[in-house]
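Structural features, examined
Take a look at the letters that make up each chain.
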Amino acid sequence: MHPYINSTIRKITFTGLFIALTFVMTIVIRIPSPTGGYINIGDCAVLVSGIILGPVYGALAAGVGSAVSDIVYGSLIFAPGTFVIKALMALIMGLFYKKCKTSAKQLLLMLLAELIMVGGYYLYDALVLTLTGAEGAFMASLEEIVGNSLQGVLGVILAVMLNKLFNDILTKMEGNRQA
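Residues numbered from 1 in each chain as written. Predicted model: local features only at pLDDT ≥ 70, side-chain atom pairs only at ≥ 80, totals over all residues. Heavy atoms only, no water.

Let's talk about the overall build of the protein chain
Counting its regular elements, the protein chain contains 7 helices and 2 strands. Along its sequence from the N terminus, the protein chain presents helices and strands in the succession α-β-β-α-α-α-α-α-α. The C-alpha atoms of the protein chain give 16 Å as radius of gyration, which agrees with the globular expectation for 179 residues (16 Å, within 12%). In terms of principal-axis extent, the alpha carbons of the protein chain reach across some 65 × 35 × 25 Å. Across the 179 residues of the protein chain, 47% fall into the buried class. Taking the intrachain contacts of the protein chain between residues at least 6 apart in sequence as the baseline, contacts between residues at least 24 apart amount to 71%. (Helix = DSSP H or I, 4+ residues; strand = E, 2+ residues; numbered from the N terminus. Rg over C-alpha atoms; globule rule 2.2 N^0.38 Å. Buried < 20%, exposed > 50% of the residue type's maximum accessible area, 1.4 Å probe, protein only. Contact = heavy atoms within 4.5 Å.)

As structure tokens, this is what we get:
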């Protein structure tokens, strides 16, 4: 967790901020996919939630913001899977980002989190299709891998920029508080 976010009130405030940011970035730009989901740029907020807020608050912000986007978009069936997948991505980021001492390792960690998303949605899509009686659910779910991979790459690129922006802002806020 960023050092500036050290009090309970700040943790709650920033968690709410990241829930809203994740929701907005997920819902504003969305491209429908063949299985009923959609491609979006919200993954950058998911990744940065874990980095800035740490594993617990980051997972909560990422999971809630993303799941609410599914609910608002009308993809109710995806909301539970989205909550778990996005929370897990942020959890991984929160647990290991600061332990990665080089930019290359941090980038690899972000890509690993995105692989969790791609694999998680593949399995969840297959489960949903199986439960709805679709034939060849695991083959049909393969269609999502390309779109989710593109979403993951965009998420990593934008997360690098968003993380720098938030760190700059929080560092200035911390400096102003100490002055």
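Here we look at the nonpolar core
Membership of the largest hydrophobic core comes to 37 residues, with the highest contact counts inside it found for Leu47, Ile52, Met93 and Met110. At the level of elements, α1 (8-28), α2 (43-53), α3 (55-73), α4 (79-96), α5 (103-131) and α7 (143-178) are the ones that each hand at least two residues to this core. (Core = buried A, V, L, I, M, F, W, Y, C linked by side-chain atoms within 4.5 Å.)

A look at α4
A rise of 1.5 Å per residue sets the reference length of α4, with its 18 residues, at 26 Å; its end C-alpha atoms lie 26 Å apart and thus fit the reference within 8%. Among all positions of α4, only Ala79, Gly81, Thr82, Ile85, Lys86, Ala87, Met89, Ala90, Ile92 and Met93 are buried. (Expected span 1.5 Å × (residues − 1).)

Details of the environment of Pro55
Tracing the backbone shows Pro55 in helix α3. Exposure remark for Pro55: the relative accessible area of 23% places this residue in the partly exposed category. Once the C-alpha coordinates of Pro55 and Ala90 are considered, the two residues, 35 residues apart in sequence, prove to be 6.4 Å apart. Non-local contacts of Pro55, meaning those with residues more than four positions away in its chain, are made with Gly50, Ala90, Leu91, Gly94 and Leu95.

What about the packing of α2 against α5?
The interhelical angle for the contact between α2 and α5, taken along N-to-C directions, is 125°, at an axis separation of 11 Å. Between α2 and α5, the crossing angle belongs to the class labelled oblique. Note on packing geometry: the crossing formed by α2 with α5 is right-handed. Facing Asp43, Leu47 and Ile51 of α2, the residues of α5 in contact are Met110, Ala113, Glu114 and Met117. Class assignment of the residues belonging to the contact of α2 with α5 gives a composition of 5 nonpolar, no polar and 2 charged. (Axes fitted to C-alpha atoms, helices over the stretch in contact; angles between N-to-C directions. Parallel < 35°, antiparallel > 145°, perpendicular 65-115°, else oblique. Left-handed = near helix turned anticlockwise from the far one by under 90°. Nonpolar A, V, L, I, M, F, W, Y, C, P; charged D, E, K, R; others polar.)

Here's the deal with the pattern of salt bridges
With the rule as written, the count across this model stands at 2 salt bridges. Its salt-bridge partner being Asp43, residue Lys86 comes within 2.3 Å of it at the nearest N-O pair. A residue pair is termed long-range when its members are at least 10 positions apart, and Lys86 in helix α4 and Asp43 in helix α2 qualify at 43 residues. Residue Lys86 is classed as buried on the basis of its relative accessible area of 3%. (Salt bridge = Lys/Arg side-chain N within 4 Å of Asp/Glu carboxyl O.)

Focus: the side chain of Asn163
Positionally, Asn163 belongs in helix α7. Only 3.2 Å separates the side chain of Asn163 from the side chain of Tyr97, close enough to count as a polar contact. Residues in contact with Asn163, not counting those within four places in the same chain, are Val48, Ile51, Ile52 and Tyr97. (Polar contact = N/O pair within 3.5 Å; in protein donor to acceptor, adjacent residues only side chain to side chain.)

A short note on the state of the cysteines
Under the defined criterion, the tally for this structure stands at 0 disulfides. Free cysteine: Cys100, not disulfide-bonded; nearest cysteine sulfur from Cys44 at 19 Å. Take Cys100: its relative accessible area is 14%, and that puts it in the buried class. (Disulfide = S-S within 2.5 Å.)

Brief notes about the confidence of the model for the protein chain
A residue-level look at the protein chain finds 97% of positions with pLDDT of 70 or above and a mean pLDDT of 91. In the model of the protein chain, helix α6 (residues 137-140) stands out as the element of lowest mean pLDDT, 76, in contrast to α4, which has the highest, 98. (pLDDT = per-residue confidence, 0-100.)

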